[in-house]
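Overview (structure and organization)
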Amino acid sequence: MKNFILKYNLLIYGLIVGCVVVIYEVINGGVLSPARVLVLLMMVMSILHEIEEKVWPGGFFELLGPVWGWDVKNVDFRKPGLCVTCLWLLLVLPAWIWEWKFLLTAMIILGLFETFVHTVGGLKFCKGKYIPGIFTALLMGAVSIYCIVLLKRTGSVVGLDYLWGALTFIGVMALLQMLVQASANYSVPRMMKHMIAAIKKQDGHTMGEV
């Protein structure tokens, strides 16, 4: 069972999200609020993004692992992938079911964050070459901007929703990093130390001993 979940966690995530959406549609006659439409957009984007990172052409953790200092030969990359899948479930399902707007704004911020991380990471560590997840990350940023504009027009959220969304995003990302690093038998402080050294090396400094 463990290996099955690790191998097919992305498929399981898609099936869970799809079933929740279909059940809701049947119960409510296909009527969706603007907030749920936006959550659905982010659901779709999250699935496409995880496919690009993990399945085709894959390799985001394999690429970033050495920057973080991972012993990539001894890391089961399915485990950090499962952590990311659980993050998305934690965000999208409550946002869909209960229309918690602070979770929607957290997803919007996450979309912008993904765009920033993949763009900067690609330029910094891949010298402008392809980095797994970059295309869907850029699309997520565009969807996030669309969501912000639409929410502003409809007045669906207020500034406090974005504040709570930002705090939720920070908390969830901190938890995710701890889980991802632990899944690779690593820690966040060691990851930060090694990543700073890698950045300095890219800037022409010596990496030193980590």
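Residues numbered from 1 in each chain as written. Predicted model: local features only at pLDDT ≥ 70, side-chain atom pairs only at ≥ 80, totals over all residues. Heavy atoms only, no water.

Turning our eyes to something else, we now look at the overall build of the protein. Counting its secondary structure elements, the protein contains eight helices and zero strands. Ordered by position from N to C terminus, the α and β elements of the protein give α-α-α-α-α-α-α-α. In summary, the protein has a C-alpha radius of gyration of 18 Å against a globular reference of 17 Å for 210 residues, a match within 12%. In terms of its C-alpha atoms, the protein occupies a principal-axis envelope of roughly 60 × 40 × 30 Å. (Helix = DSSP H or I, 4+ residues; strand = E, 2+ residues; numbered from the N terminus. Rg over C-alpha atoms; globule rule 2.2 N^0.38 Å.)

Next up on the list: the pattern of salt bridges. Considering all chains together, one arrives at two salt bridges under this definition. For the salt bridge of R36 with E99, the shortest nitrogen-to-oxygen distance reads 2.8 Å. Residue R36 is found in helix α2 (residues 34-55), and its partner E99 is found in the loop between α4 (78-98) and α5 (101-125); the two are separated by 63 residues along the sequence. Salt-bridge contacts for R78 lead to D76; the nearest nitrogen and oxygen are separated by 3.0 Å. (Salt bridge = Lys/Arg side-chain N within 4 Å of Asp/Glu carboxyl O.)

This brings us to the confidence of the model for the protein. Of the residues in the protein, 93% have a pLDDT of 70 or more, and the chain-wide mean is 83. In this model residues 205-210 is a low-confidence stretch, pLDDT under 50, and it forms eight contacts with partners more than four residues away in sequence or in other chains. (pLDDT = per-residue confidence, 0-100. Contact = heavy atoms within 4.5 Å.)

Moving on: α4. Given 3.6 residues per helical turn, the α-helix brings residues three or four places apart onto the same face. Taking 1.5 Å per residue as the helical rise, α4 with its 21 residues ought to reach 30 Å, and the 30 Å between its terminal C-alpha atoms agrees with that figure. Positive phi shows up at E99, right after α4, with a value of about 55°. (Expected span 1.5 Å × (residues − 1).)

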